[in-house]
Amino acid sequence: MSLSEDSIDPTPTTQQETQSGFEDTEPENASMQEFYQLYQELLIITLALTVTVFISVWIAYSLNIALNYLLGACAGVLYLRLLAKDVERLGREKQALSKTRLALLVALIFLASRWNQLQILPIFLGFLTYKATLIFYVIRMAFVSD
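Before going into details, it helps to say that this report is about the structure given with it. Remember, predicted model here, so these are calculated numbers, not experimental data.

## With respect to the packing of aromatic side chains
Under the definition given, this model contains 5 aromatic pairs. Relative to W58, the ring of F54 lies with its centre 5.8 Å away and its plane at 50°, an arrangement referred to as tilted. Of this pair, F54 and W58 both sit in helix α1 (residues 14-60), separated by 4 residues, roughly a single helical turn. Judged by relative accessible area, which is 14%, F54 ranks as buried. Considering the side-chain rings of Y79 and F127, the 5.3 Å spacing of their centres and the 65° angle between planes classify their relative orientation as edge-to-face. A residue pair is termed long-range when its members are at least 10 positions apart, and Y79 in helix α2 (residues 63-89) and F127 in helix α4 (residues 120-127) qualify at 48 residues. Its relative accessible area of 11% is what places Y79 among the buried residues.

This is the structure we're talking about:
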């Protein structure tokens, strides 16, 4: 057996090990960074849409209906935040999204049906404001050229 027959496999240096470990986490960090940017953009659009609709409803109808809408819109923003937290934990800690967020809407509608000052339709439409944001975002992305 001679030295030339022995295969010499290079052992990775500390710098190479660090780089390979960094390469594995870089796409995850980049995708999470992209997720946080998307969440922040959706949140800003939702808040801008909420303020616009709130003022419009106040002018067109009454302050009471506008406040009912605002209550629903705040619940929608909270729902969006809970959804983002759930998606953030997906894969690392959880295997599926939880459905407990929907209890927020159920509780709000139940409260509106029991309390005479609250109206169900403006609250429900306010809650759906985040859905309008998603539709706006999808349409905007469809028309933006890469």
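## Overview of the pattern of salt bridges
Throughout the structure, instances matching the rule amount to 2 salt bridges. Salt-bridge contacts for E41 lead to R140; the nearest nitrogen and oxygen are separated by 2.0 Å. With E41 in helix α1 and R140 in helix α5 (residues 129-143), this pair connects stretches of sequence that are 99 residues apart. When its relative accessible area of 26% is taken as the criterion, E41 is described as partly exposed. With a relative accessible area of 30%, R140 lands in the partly exposed category. Linking D86 and R101 is a salt bridge whose minimum nitrogen-to-oxygen distance equals 2.7 Å. Of this pair, D86 sits in helix α2 while R101 sits in the loop between α2 and α3 (102-114), placing them 15 residues apart in sequence. The exposure class of D86 is buried, given its relative accessible area of 4%. In this structure R101 comes out as buried when scored by relative accessible area, which is 11%.

What counts and what doesn't
Residues numbered from 1 in each chain as written. Predicted model: local features only at pLDDT ≥ 70, side-chain atom pairs only at ≥ 80, totals over all residues. Heavy atoms only, no water. Phe/Tyr/Trp six-rings, centres within 6.5 Å; stacked < 30°, edge-to-face > 60°. Helix = DSSP H or I, 4+ residues; strand = E, 2+ residues; numbered from the N terminus. Buried < 20%, exposed > 50% of the residue type's maximum accessible area, 1.4 Å probe, protein only. Salt bridge = Lys/Arg side-chain N within 4 Å of Asp/Glu carboxyl O.

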